[in-house]
2 protein chains.
Amino acid sequence: VTDAAATLRPNPPLLPAELDTPCLVVDLDVVEANARRLAGELDARGVRLRPHTKTHKSIRLAQLQLEAGASGITVGNLGEAEVMAAGGIDDLFVAYPVWAAGPKAARLRALNDTVRRFAVGVDSIPGAERLAAAVAGSSRPLRVLVEVDPGNGRTGVAPGRAADIALAARSLGLGIAGVFAHGGHAYAGRDAAGAAADEVATLGAAAAALRRAGLEAPIVSAGSTPTAVLAARGEVNEIRAGTYLLGDRQLLALGAVPPDGLALWVAATVVSTAVPGQVVVDAGAKSLTKDRPEYLDGHGFLPAYPDAILDRLSDYHGVVRIPPEAAAPGIGEVVAILPNHACPVVDLFDSFVAVRAGKIVGVWPVDARGRSG
Amino acid sequence: VTDAAATLRPNPPLLPAELDTPCLVVDLDVVEANARRLAGELDARGVRLRPHTKTHKSIRLAQLQLEAGASGITVGNLGEAEVMAAGGIDDLFVAYPVWAAGPKAARLRALNDTVRRFAVGVDSIPGAERLAAAVAGSSRPLRVLVEVDPGNGRTGVAPGRAADIALAARSLGLGIAGVFAHGGHAYAGRDAAGAAADEVATLGAAAAALRRAGLEAPIVSAGSTPTAVLAARGEVNEIRAGTYLLGDRQLLALGAVPPDGLALWVAATVVSTAVPGQVVVDAGAKSLTKDRPEYLDGHGFLPAYPDAILDRLSDYHGVVRIPPEAAAPGIGEVVAILPNHACPVVDLFDSFVAVRAGKIVGVWPVDARGRSG
């Protein structure tokens, strides 16, 4: 993986005047094009898109995705599900092995009772037992998808084990809605085609294992942005991608979004030029995070100053190293920074500035900000 | 620097039952002891303590610090100042080179008009010009402290240059309240005694430069937790420390807090044991951040399982590697995690669970969460 951000040099976005930095700027024209592009590519393959809203945590952006052709929404935890349900979204999948103990049991039950179409992930029999106990006596069964691991090595069982869990879940009164996998190893520099092939093969094997056990797997769901189109084949009939909507420096470097697919920017002001060889902007670790894959240099990219390196972050300071002879922004200048990873960055802000062609068209809340469980 | 967390093995805190994980747990008994300890040590040296509230962003914890002997509060930006002022705290220093353009000019003016004792940092003449323009016509002059760089290499000028900026600021109608420095290089593994000596020497030289220019420097302010006591000498008459109140794994490793000074924990639940050799907890990068100094292994420390390594974080998953033969938490178990760096972790949560001796005594808001500018 090479740092495509440095070589492709996307044009800096048009930033509105009078921004109160640091702030998030989201270009809605780019967002809409991204939403339509992936929905169209998957529709052409006969595969449904269920976007992951952990990227943007915004009810309005989730609605925009549904209007652009998505069929349902993915969330990462019960908190995001509650926010999206309150926003009127009625088809939600929690792509997470929810452990329904303590306060989460009642929260899960309430979601299952009120959301028209609701499902959660499971990757263990004890987890299934907790889910069943949480919804005991409910008017409708809780639907579950069994998670399998395509080689990402995070959560999910081997395909053969998926049938054991599904059988146990069915005997506990849960509804078996299918199987899912996350090819997250595509982000670690593993080639996306290989990770997608892993997803397709693992999910196919899991669906076959369920059939051999006398069960159906109506939903066969893969998902990550790098593998989104590549995994839309075989038995896979649903894709859960998230970051495709906003783009970020990591996806650009992986070739998973084009330069004109970058919708999210952090606007920052140069506040100090006191130390030679660098400038300091007012976006630090509490605006950009320290998320940095090994293949990226620095904590973000300044397209207007492509040789500058965002070397070091403290809470409210971003130290931008300026190599000799390179152009540098002056004190007071507002610069656009392409963040390394969109998802945790958005989660730091209560709202974002929505723009079209450099003009502010609204300030939209990050509705599910801070909902991590 | 060695990873003291692994060798000192602090006892896991008593966690209350029925936590809705992931969540922040703050032990108020430890907080109070930490607040009193540093205030007492500085009082014995005749030096004032002005704690930095960027660590906790809590009005109640700031009030607790004032009750324990602090004289005024430090904040990192205008947003934190607004929150603390709304909470009734009337002596605030913004330890940041505020660039008072656009919406920030009016915000700065309002703070200067309403906060009884208010000051901001400055490290450039253009910055001073903006500050003066923002408060033009105000009923009282804006007080500024000139920032000098003690070798941290972030913001702040050389001591000789401080006098030029102070003279320019005075001619612009600003009030010269003193000089300040941040010995942040103590966090990078530089020995704290050396960083403190740098702060004392640089601030002394800056105060002398101001005197030679016919100006006074009533406040001579140093600050970081590792250098807090060490820099309380020479002309230094104020210390701005923040993280001392809560502690974290980084400070423990640096020897800057003792094991019984750790007040902040992230509580997480084991949600998956599907992949051999590891367990997965529900605290990921959106609960722990990816802040990790080079001298720490992993993204947090589990005192109950000291051989476990929190290897890899995605948004809502923390992958905990369990070496062969090592003890591991079981599925559904709630574990306490000592975060690497308190400040950005607290900023991810809207509230924290306040405990004493393992019993919940309240849920307190992180009032200034997300206020980064």
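Residues numbered from 1 in each chain as written. Chains lettered and ligands numbered in written order. Predicted model: local features only at pLDDT ≥ 70, side-chain atom pairs only at ≥ 80, totals over all residues. Heavy atoms only, no water.

(A) Expanded view of the relation of the copies chain B and chain A. If you rotate chain B by 180° and push it 0.0 Å along the axis, it lands on chain A with an RMSD of 0.0 Å. These values place the two chain copies in the arrangement generated by a two-fold rotation axis. Relative to the rotation axis, the C-alpha of B:Lys290 is the closest in chain B, positioned 2.8 Å from it. A shared binding surface is used by both copies, with 100% of the interface residues of chain B retained as interface residues in chain A. (Least-squares fit on C-alpha atoms with pLDDT ≥ 70 in both. Contact = heavy atoms within 4.5 Å.)

(B) Fine view of the packing of aromatic side chains. All names here are of chain B. Counted by the stated rule, this structure contains four aromatic pairs over all chains. Between Phe93 and Phe180 the ring centres are 5.0 Å apart and the planes differ by 90°, which places this aromatic pair in the edge-to-face class. Taken as a pair, Phe93 in strand β4 (residues 91-97) and Phe180 in strand β7 (residues 175-180) lie far apart in primary sequence, 87 residues in all. With respect to burial, Phe93 and Phe180 carry one shared label: buried. Ring plane angle 55° and centroid distance 5.9 Å describe the contact between Phe352 and Trp364, whose orientation is recorded as tilted. Taken as a pair, Phe352 in strand β16 (residues 351-356) and Trp364 in strand β17 (residues 359-365) lie far apart in primary sequence, 12 residues in all. Neither Phe352 nor Trp364 differs from the other in exposure class; each is buried. (Phe/Tyr/Trp six-rings, centres within 6.5 Å; stacked < 30°, edge-to-face > 60°. Helix = DSSP H or I, 4+ residues; strand = E, 2+ residues; numbered from the N terminus. Buried < 20%, exposed > 50% of the residue type's maximum accessible area, 1.4 Å probe, protein only.)

(C) Looking closely at the interface of chain B and chain A. Chain B puts 60 residues into the contact, and the matching count from chain A is 60 residues. Summing the contributions of chain B and of chain A, the shared interface buries around 4800 Å²; its carbon and sulfur component is 51%. Considering only the side of chain B, the residues that lose the most area to chain A are B:Tyr96, B:Arg154 and B:Tyr316, jointly responsible for 16% of the buried surface there. There are 10 salt bridges connecting chain B and chain A. Here A:Asp20 and B:Arg107 are joined by a salt bridge, their closest N and O atoms 2.8 Å apart. (Buried area = accessible area lost by both parts, 1.4 Å probe. Salt bridge = Lys/Arg side-chain N within 4 Å of Asp/Glu carboxyl O.)

(D) Inspection of the packing of helix α4 (residues 78-86) of chain B against helix α5 (residues 103-114) of chain B at higher detail. Residues and elements named next belong to chain B. Running from amino to carboxyl end, α4 crosses α5 at an angle of 35°, the nearest separation of the two axes being 11 Å. Read as a crossing pair, α4 and α5 show a hand that is left-handed. Across from Leu78, Gly79, Ala81, Glu82 and Ala85 in α4, the residues of α5 making contact are Lys104, Arg107, Leu108 and Leu111. A breakdown of the residues in the contact of α4 with α5 according to their chemical character gives five nonpolar, one polar and three charged. (Axes fitted to C-alpha atoms, helices over the stretch in contact; angles between N-to-C directions. Left-handed = near helix turned anticlockwise from the far one by under 90°. Nonpolar A, V, L, I, M, F, W, Y, C, P; charged D, E, K, R; others polar.)

(E) Spotlight on the pairing of strand β13 (residues 309-313) of chain A. Residue and element names in this part refer to chain A. The pairing of β13 with strand β14 (residues 318-321) spans four bridges and is classified as antiparallel. Bridging across to β14, Leu313 finds its partner in Gly318. What sits between β13 and β14 in their antiparallel hairpin is a turn of four residues. (Pairing = 2+ DSSP bridges.)

Read these as spatial facts, not as claims about activity.
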